[in-house]
Amino acid sequence: MKKTLDKAIIGAYTPNMMKKNVDVSELSRHEVSKCNECTVFNLKKATRIVQNLFDQAFKPIGLEGTQYTVLGHIFVYGPISLTKLADLMYVDRTTLARNLNPLEKKGFVEVKSGSDRRAKIINITKRGKEVLAEALPLWKQTQKEIKTALGFDNWSSMISNLRGLVAELEDR
């Protein structure tokens with residue numbers, strides 16, 4: 001399982017910094033206004049906008065962008081355990097299980113017990129493959145729009161940089 005940065009981040013704070021009666025006299029609006037440069041804010045903002053583009057593209061076939069990604073991973077790596085899929089996608093098992101429910105209800109995936117009854121094995125169904133085949137051209141078109149808007153070189157650099165960031169931070 002991936003280590004989180006929580007310990008490193010929390011460990012950087014001293015007990016005095018976590019007191020309720022903090023001295024706010026040194027609080028600077030200029031420094032706090034730099035939150036617009038915050039990595040997580042900008043990544044999430046971009047993610048929401050891009051997610052909306054994919055959601056709109058997949059709407060005619062009753063699929064969401066995140067569902068396409070989950071289905072794609074199950075198609076490529078399945079049958080796959082819930083734990084392995086969660087690790088592969090860097091999501092919490094409970095979050096993934098929640099995201100699988102609508103896919104299972106629509107008949108796109110099947111979830112069965114593994115050899116250990118607690119283990120869940122996920123596989124894509126024939127209907128799931130059909131919807132994935134319908135979604136693929138929509139995904140390609142949306143990807144093309146994003147690459148065009150950003151510029152191919154910038155997009156390629158962004159993907160490379162994000163992969164490098166993940167590789168650098170995932171084991172901390």
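Because the structure is predicted, anything quoted here is derived from the model rather than measured.

Moving on, we come to the overall build of the protein. In terms of regular secondary structure, the protein is built from eight helices and three strands. Counting from the amino terminus, the protein carries its helices and strands in the arrangement α-α-α-α-β-α-α-β-β-α-α. Counting only residues that meet the buried cut, the protein has 19% of its 172 residues in that class. Sequence separation of 24 or more characterises 53% of the internal contacts of the protein that already satisfy a separation of 6 or more. Within the structure as shown, the protein displays about 12,900 Å² of accessible surface, and the carbon and sulfur contribution to it stands at 57%.

Looking now at the environment of Ser113. Along the chain, Ser113 falls in strand β2 (residues 109–113). Along the sequence, Ser113 and Ser81 sit 32 residues apart, while their C-alpha atoms lie 9.3 Å from each other.

Moving on, we get to the pairing of β2. By the bridge criterion, five bridges tie β2 to strand β3 (residues 120–124) in an arrangement that is antiparallel. Paired with Val109 across the bridge in β3 is Ile124. Remark: six residues form the turn of the hairpin made by β2 and β3, two consecutive strands paired antiparallel.

Over its 20 residues, helix α3 (residues 39–58) extends 28 Å from the first C-alpha to the last, a length consistent with the 28 Å expected when each residue adds 1.5 Å. All buried positions along α3 are accounted for by Phe54, Ala57 and Phe58. One side of α3 carries all its buried residues, which in axial view fall inside an arc of 80 degrees. In α3, the exposed positions that point more than 90 degrees away from the buried face belong to Ile49 and Gln56. On the buried face of α3, the contacting elements are α4 (65–77) and α7 (126–150).

Its location among the elements puts Gln67 in helix α4. Once you skip the residues sitting within four places of it in the chain, Gln67 turns out to touch Gly62, Pro102, Leu103 and Lys106.

We now examine the nonpolar core. General note: in soluble globular proteins, nonpolar side chains tend to be found buried as a group. Core analysis: the biggest nonpolar cluster contains 25 residues, and Leu63, Leu71, Ile74, Leu100 and Leu103 have the highest contact counts within it. Elements with a contribution of two residues or more to this core: α3, α4, α5 (82–89), α6 (93–105), β3 and α7. Setting aside anything within four residues of it in sequence, one finds Leu63 in contact with Asp55, Phe58, Tyr68, Leu71, Leu103, Phe108, Val131 and Ala135.

With that settled, consider the confidence of the model for the protein. Summing up the model confidence of the protein, the mean pLDDT is 87 and the portion of residues at 70 or higher is 89%. Mean pLDDT across the elements of the protein ranges from a minimum in helix α1 (residues 6–11), with 49, to a maximum in α7, with 97. In the model, residues 1–8 has pLDDT below 50 throughout and makes eleven contacts with residues more than four positions away in sequence or in other chains.

Basis of the calculations
- Here the residue index of a chain counts from 1 through its sequence in written order.
- For a predicted model such as this one, the threshold for reporting local features is a pLDDT of at least 70, and the threshold for listing and counting side-chain atom pairs is 80 or more; totals across whole chains, interfaces and linings nevertheless cover every residue.
- For the side-chain quantities, the full set of heavy atoms in the structure was used; hydrogens and water were omitted.
- Each helix is a run of DSSP H or I of at least 4 residues and each strand a run of E of at least 2, with the numbering of both proceeding from the N terminus.
- For every residue, the accessible area (1.4 Å probe, protein chains only) is compared with the maximum for its type, and the residue is labelled buried under 20%, exposed over 50%, or partly exposed between those bounds.
- Here a residue-residue contact requires only that any non-hydrogen atoms of the pair lie within 4.5 Å.
- Surface accessibility follows the Shrake-Rupley procedure with a 1.4 Å probe radius. Residue values consider only the protein chains on display as shielding.
- Think of it this way: DSSP has to see at least two bridges between two strands before they count as a pair.
- The span expected for a helix works out to 1.5 Å for each residue beyond the first.
- Of all possible arcs, the one meant is that of the directions from the helix axis to the C-beta atoms.
- For this analysis, a nonpolar core means a set of buried residues of the types Ala, Val, Leu, Ile, Met, Phe, Trp, Tyr and Cys, connected via side-chain atoms within 4.5 Å.
- Each residue gets a pLDDT score, which is the predictor's confidence in that residue and runs from 0 to 100.

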